[in-house]
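Notes for the structure review
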Amino acid sequence: MNDTATQTPAPERATPSPRVRIDVISTVVQRALPNGVRMEIRPPRPVTAAWDQALPLFEGWMQSAELRVRVSGLTDSPFFAALEIEGAKAGTAIAASIGSTPAEAGAGPLSPFSVEFVVPLALLAPHAGKRCALRLILSPQSSLAGGRKVTLARALFVGIPGYGPLLSALDLLESTDSVLVDAPERRLFDLQNPEEGLWIGTGKWRLRLFADWGFGGEARLARAEPPSAGQTKLEGEPFVIDTKPSHVVHRFQRDDDAPAVVVEDATRRAGGRRTYTELVLDSSHPDLLPIPEEGKDVPLDLTVEHALTYGEHTGVCTWHAALPVRLRDPRPLLKSFQRLSAVGIDFGTTATVAALYQKGYRSLLRLGSGSAPASKSAENPTYLLVEDHERLWAEVERAAAGDARFPNLLRVVRGSHAAREAMTDSPNAVVGELKSLPERVLSLDQSPQLRDRERRRDFLLDENRVRILVRAYAYLLSRAINRPGQDVYLRYWLTHPAKFDERARKLLEEEIRRGILLGIPEGIPAEEIVVEMSASEPEAFAAEVCPELATYAELEPVISKFGEMRFAVFDFGGGTLDIACGRFRPATEQEAEELGSRTVIETLQVSGDDHLGGDYLTHELVWLTHQHDKHLPEMEDKEVPMMRPQTVPPNNLANKPHLYKRSLAGRQNRFRFERELGLEAVKFAPENEPRRAADLSAARLDGSEVRLESMATDVPALHAKLKEHLQTRIRDGVKLMKSMLAIAPWGAGVGGQSPAGRAEPPTSTGEGDWREQGVTILLAGNSSRSAFVEQALADELGIPGLKVWRPGSSDPFQQVVLYETPQRTERGVTIVGVTPKTAVALGALKIANREVHLVRRAQGFSYFVGDLRGFPPKFVALVQMGTPVSDPAVFGPHYVDFGKWDTKTPLRVAQEYAPGKMTSNDPRVSMIPTGLAAGIVGRLFVCVSGPDELTLALQQGGQDPLVTTLNLAKYMR
């Protein structure tokens, strides 16, 4: 029997595995933190099959981190895949993601694919210290039956004890105003607040990124090598990470030069215990639109890379954070902004105060922080520190040319407290007394010589630059008032000195208006912004103080007697002396009906001296110290220049006149002498002596420094000279007020009616002196705190032993008051304090909101004008202070006959008049040219045509008179 062999059938062919081409392999150790930050560690270069990579397994990462392996390339069909690590499958099979886009040219019927595997790091613990093969198992079936393996790469898993790198805190600080005015920074919480954030259309914002690193106490700080590189690293025992970013990417990254929403300033990167860099966000960029009415979150999607070293291996530590910033559109809230109160602003020579209502309570604005005491925190220095003057002119003019807002002045200027504090180190880069700049530069050609701080380049000022400086300060003020994402104020009420050059006043009003508009979000139409400069500083002071002071028992007798509170404000500020006589009274029925206000501040006479203020006095004290007979020889011998005060005329006969010409060294010495000798304090009390400075350093014209020795000598004699000067200057101001008290129409009632209803001339004074008329003198301005002011008032007003009365004082009430109340808290609400300085802005706020209405009586003439008469000749006032203004076009008895007159003969003008005691050389009398053609003789008639204005008519026989108008204000300053 033959055995027949059984035929074994051939095995069935397995389902073919998909064909793939692997192009990219990436391996990342990833960890998500509770604060939303995602941390990653990856190899320092792309992974290939030919390179053995190393990946760290930090002990502190094992329980919360994972290994992510991502593979991409081309395939001819869909497939499933799994990751195998050193022969062990890690996880289950997943379907590859097949792209719908065509593959690259020449690839045939292939499609792009990608697949990502996630492996908990804890599963890799057995592989620590081993070099493992990473393989891909491919199969068209999810069971991976018949799958084939493809080796991807080899990886060395390095076990590392300790916590490993960790971001313990992350914050994004908005610090634009911190740079500009030293204001507090806003944190990430504020930027993400749905009711705050940023308004769109508010220009560029500086964002400071801080990322704090935590290492479980094992890390130590070390300097990178070489130390001059300036990098700072954090070292743990088994690893080193450079916390200074090596690369930063964000959502709005661009590769071209077009303007971007976000730009990183790579030059600001730093490391150490915290990572630091700076971003600039352009809130006006069109790519951010549209913004819904409720606002929207705009994530920055920041990715930051750091170099990592562990043992002999390197890697890249990367962290990702969304960092959303809330953007809001102000336009839907315009109607609510229109219902907000106005802002009262006292734009002062030395300091600016802004008052506004916030949530129903009065508030004073602090522009920045600085080191000023709390009592003066709302007195914002009117100063600018110029970092780069060329960039300043260019940036502000660029904004003006494009009708844009929010010019980028970062690291171009600083303002307020930050600028004032820079006087110590960079006095020539600081521009102060902005309020007086228009007159000094435009009218007197007295531009200070300046040098910017950053580039150290010299510059002078002209009209356009003065305008830009005023506009820049007002812009910083507007930014602070209209805080980002909060209320936008539309109405601003400014005050001005009682006596002020009209050209300078108009320039200030124009540029403050422009500057405030620069700080308003672009979505708010310009026509919605109202800026007015229509109340004098003493009027605003009275509007704040009188309603409160009238409630005190000390005032009750005079108010009961006259039915009103009569006042004279003596506003002795930093740059000007302003005086206003008036009354605080009930409104008439007609006024109440028309104006809606129940009380009225009625001013009867306003005058002042725009060159008599605390800053002028301090500068004069510096000048007198330099010129003191025991100091001047050393000054001249060592060539020490000094800046001449505006109130001191040039002396062409000086021994060394070049020392008093405009120079950086002279300006620097002014502030150095003031600071080192303590001359600011001298003007406040007779007992305050100048400090002895045995080794004072002074600047010379050639840029060198020289030591002065005479400043420690003859201090008592110098002090006596300075006190005498202060007494004389301040008494001049009191005398001006005394003249006004004498001519103010106290007895006239409302609209020129007497209390009994009789018509009285506007200059009627009633009976008795100012005290018998029930007038209370109100001291305003910080300089009015000086004991010299109290003494001058006592001497000139005939009140021996005068003690200025303050609320709560036990001193007798002698009708001279310095009103000041402390800040207090009631039911958790801060009630602002009132000071001689802040009362002006608070009063402007009351006037703007119609809490008190301002009424001005027609102002009388502000001077005494006359000629020398009699023998021996004495000054006789033919036109009296307080003379009513008349129509010069109509010739009549209001024209005062000065008699025969040669047009070459000047008029004599004074602000004080002592009949029979003022000789031809009396310093109180100024000689003013008539302005008429020279060499003509005729009969001169003079008409008061304005508070500061005269119309002169010279008659010659039967000819038509020669007529001219003379404005005395420009001569009497």
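Residues numbered from 1 in each chain as written. Predicted model: local features only at pLDDT ≥ 70, side-chain atom pairs only at ≥ 80, totals over all residues. Heavy atoms only, no water.

What to know about the confidence of the model for the protein chain
Selection rule: Every residue gets a pLDDT, meaning the predictor's confidence in that residue, from 0 to 100. By definition in these notes, contact holds between two residues if any of their heavy atoms fall within 4.5 Å.
In the predicted model, the protein chain carries a mean pLDDT of 88, and the fraction of residues at 70 or more is 92%. Low pLDDT, under 50, characterises residues 217-231; the predicted model gives this stretch 27 contacts beyond four residues in sequence or across chains. Below a pLDDT of 50 lies the segment residues 751-765, which in the model reaches 35 contacts outside its immediate sequence neighbourhood of four places, other chains included.

Looking at the pairing of strand β51 (residues 949-955)
Put simply, the rule reads: The buried label goes to any residue with under 20% of its type's maximum accessible area, the exposed label to any with over 50%, and the partly exposed label to all in between, with areas taken from a 1.4 Å probe on protein chains only. Under the DSSP-based scheme used, a helix requires at least four consecutive residues in state H or I and a strand at least two consecutive residues in state E, with every element numbered from the N terminus. Only when DSSP finds a minimum of two bridges between them are two strands counted as paired.
Burial analysis of β51 places 5 of its 7 residues in the buried class, the great majority of the element. Pairing geometry for strand β50 (residues 937-946) and β51, over 7 bridges, is antiparallel. Bridge pairing in β51 links Val 942 to Leu 952. Hairpin remark: β50 followed by β51, antiparallel, with 2 residues in the connecting loop. Note that β51 and strand β52 (residues 962-967) share 6 bridges and pair antiparallel. Residue pairing in the sheet places Glu 949 in a bridge with Asn 967 of β52. Two successive antiparallel strands, β51 and β52, enclose a turn made up of 6 residues, where Gly 957 displays a positive phi of approximately 55 degrees.

Quick look at the sheet that holds strand β40 (residues 775-780)
Pairing within the open sheet is mixed, and its 6 strands lie in the order β41-β40-β35-β36-β37-β44. In this open sheet, the two edge strands, each paired with only one partner strand, are β41 (816-817) and β44 (853-856). The sheet contact formed by strand β36 (residues 577-586) and strand β37 (residues 599-609) spans 10 bridges and is antiparallel. Along β37, the bridge assignment pairs Ala 580 with Val 606.

So, the state of the cysteines
Formally: We call a pair of cysteine sulfur atoms a disulfide when they lie within 2.5 Å.
In the structure shown here, the tally under the stated rule is 0 disulfides. The cysteine Cys 581 is free of any disulfide, with Cys 546 supplying the nearest cysteine sulfur at 12 Å.

As for the sheet that holds β52
Cut-off, in case you're wondering: To get an axis, a line is fitted to the C-alpha atoms, and for a helix only the part in contact is used. The angle between two axes follows their N-to-C directions and goes from 0 to 180 degrees.
Here 4 strands make up an open sheet; going across it, the order is β47-β50-β51-β52 and the pairing antiparallel. Single-partner strands in this sheet number two, and they are β47 (896-902) and β52. Along the sheet, successive strands turn relative to each other by an average axial angle of 30 degrees, direction set aside. The sheet contact formed by β47 and β50 spans 6 bridges and is antiparallel. By the bridge assignment, Lys 900 is partnered in β50 with Arg 939.

Regarding the pattern of salt bridges
Let me state the cut-off plainly: Note on definitions: salt bridges are taken to be side-chain nitrogens of Lys or Arg within 4 Å of carboxyl oxygens of Asp or Glu.
The full count for this structure, using the stated rule, is 69 salt bridges. We note a salt bridge from Glu 602 to Arg 857, for which the minimum N-O separation is 3.1 Å. Taken as a pair, Glu 602 in strand β37 and Arg 857 in the loop between β44 and β45 (864-869) lie far apart in primary sequence, 255 residues in all. Each member of the pair Glu 602 and Arg 857 is classed as buried.

A closer look at the side chain of Asp 867
As for its placement among the helices and strands, Asp 867 is situated in strand β45. Dropping the residues within four chain positions of it, Asp 867 is found in contact with Lys 874, Phe 875, Val 876, Trp 901 and Arg 908.

Looking at the side chain of Glu 40
As a reminder, the rule being used: N or O atoms closer than or at 3.5 Å make up a polar contact, with two conditions inside protein: a donor-capable atom paired with an acceptor-capable one, and, for residues adjacent in sequence, both atoms drawn from side chains.
With respect to the helices and strands, Glu 40 occurs in strand β2 (residues 38-42). Given the relative accessible area of 13%, Glu 40 is considered buried. Polar contacts involving the side chain of Glu 40 include one to the side chain of His 320, which spans 3.3 Å. Those residues within four positions of Glu 40 in sequence are excluded, and the remaining contacts are Val 28, Val 29, Gln 30, Val 316, Cys 317, Thr 318 and His 320.

Re the domain arrangement of the protein chain
To keep it simple, the criterion reads: Here the limits of each domain have been adopted from an automatic or database domain assignment. When two components associate, each loses some accessible surface as probed by a 1.4 Å sphere; the sum of these losses over both components is called the buried area.
Split into domains, the protein chain comes out as domain 1 (20-160), domain 2 (169-329), domain 3 (342-382 + 421-528), domain 4 (536-746 + 773-857) and domain 5 (861-970). The C-alpha-based centres of domain 2 and domain 3 are spaced at 32 Å. Listed as interface residues are 18 residues of domain 2 and, on the opposing side, 13 residues of domain 3. Roughly 1,300 Å² is buried in total at the junction of domain 2 and domain 3, and carbon and sulfur atoms are behind 53% of that figure.

Quick notes on helix α4 (residues 389-401)
To be explicit about the condition: A helix is expected to span 1.5 Å for every residue after the first.
Between its terminal C-alpha atoms α4 stretches 18 Å, which fits the 18 Å expected from 13 residues at 1.5 Å a residue. Against the buried residues of α4 lie β28 (384-386), β29 (413-415), β32 (458-459) and α7 (463-481). N-cap assignment for α4: the residue whose side-chain oxygen lies 3.3 Å from the backbone N of Glu 390 is Asp 388. The first or second residue beyond α4 is Asp 403, which carries a positive phi of 50 degrees.

Some details on the environment of Phe 861
Note that Phe 861 resides in the loop between β44 and β45. Residues Phe 861 and Ala 592, spaced 269 residues apart in sequence, show a C-alpha to C-alpha distance of 30 Å.

Topic: the nonpolar core
What counts is decided by this rule: Here the nonpolar core consists of buried residues drawn from Ala, Val, Leu, Ile, Met, Phe, Trp, Tyr and Cys, with membership extended through side-chain atoms lying within 4.5 Å.
Met 39, Leu 67, Leu 121, Phe 157, Leu 300 and Trp 319 are the most contacted members of the largest nonpolar core, which totals 75 residues. Viewed by domain, this core spans two of them, domain 1 (20-160) and domain 2 (169-329), each represented by three or more residues. Beyond its immediate chain neighbours, meaning those up to four positions away, Leu 67 contacts Val 28, Val 29, Leu 55, Phe 117, Val 118, Val 119, Leu 121, Leu 124 and Phe 157. Formed by 66 residues, the second largest nonpolar core is a distinct cluster that contains Val 640, Leu 726, Met 737 and Phe 875.

What about the packing of helix α16 (residues 715-743) against helix α17 (residues 787-797)?
Selection criterion: Roughly parallel here means an angle under 35 degrees, roughly antiparallel means over 145, roughly perpendicular means 65 to 115, and every remaining angle is called oblique. Put simply, a crossing is left-handed when the front helix is turned counterclockwise from the back one by less than a right angle, and right-handed when it is turned clockwise.
For the pair α16 and α17, the least separation of the axes is 9 Å and the interaxial angle reads 50 degrees. Here α17 runs oblique to α16, going by the angle between their axes. α17 is crossed by α16, and the crossing has right-handed handedness. Residues Lys 723, Leu 726, Gln 727, Ile 730, Arg 731, Val 734, Lys 735, Met 737, Lys 738 and Leu 741 of α16 form the contact with α17, whose participating residues are Phe 788, Val 789, Ala 792, Leu 793, Asp 795, Glu 796 and Leu 797.

Examining unusual backbone geometry
Cis geometry is found at the peptide bond from Leu 289 to Pro 290, where omega equals -5 degrees. Following the sequence through the fold, Pro 290 ends up in the loop between β19 (274-282) and β20 (296-299). Following Phe 871, the chain continues into Pro 872 via a peptide bond in cis, with omega recorded as -10 degrees. Mapped onto the elements, Pro 872 comes out in the loop between β45 and β46 (874-879). If you check the backbone angles, Asp 403 has positive phi at about 50 degrees while not being a glycine. You can see Asp 403 is positioned in the loop between α4 and β29. Within the chain, Gln 815 stands out as a residue other than glycine whose phi angle is a positive 65 degrees.

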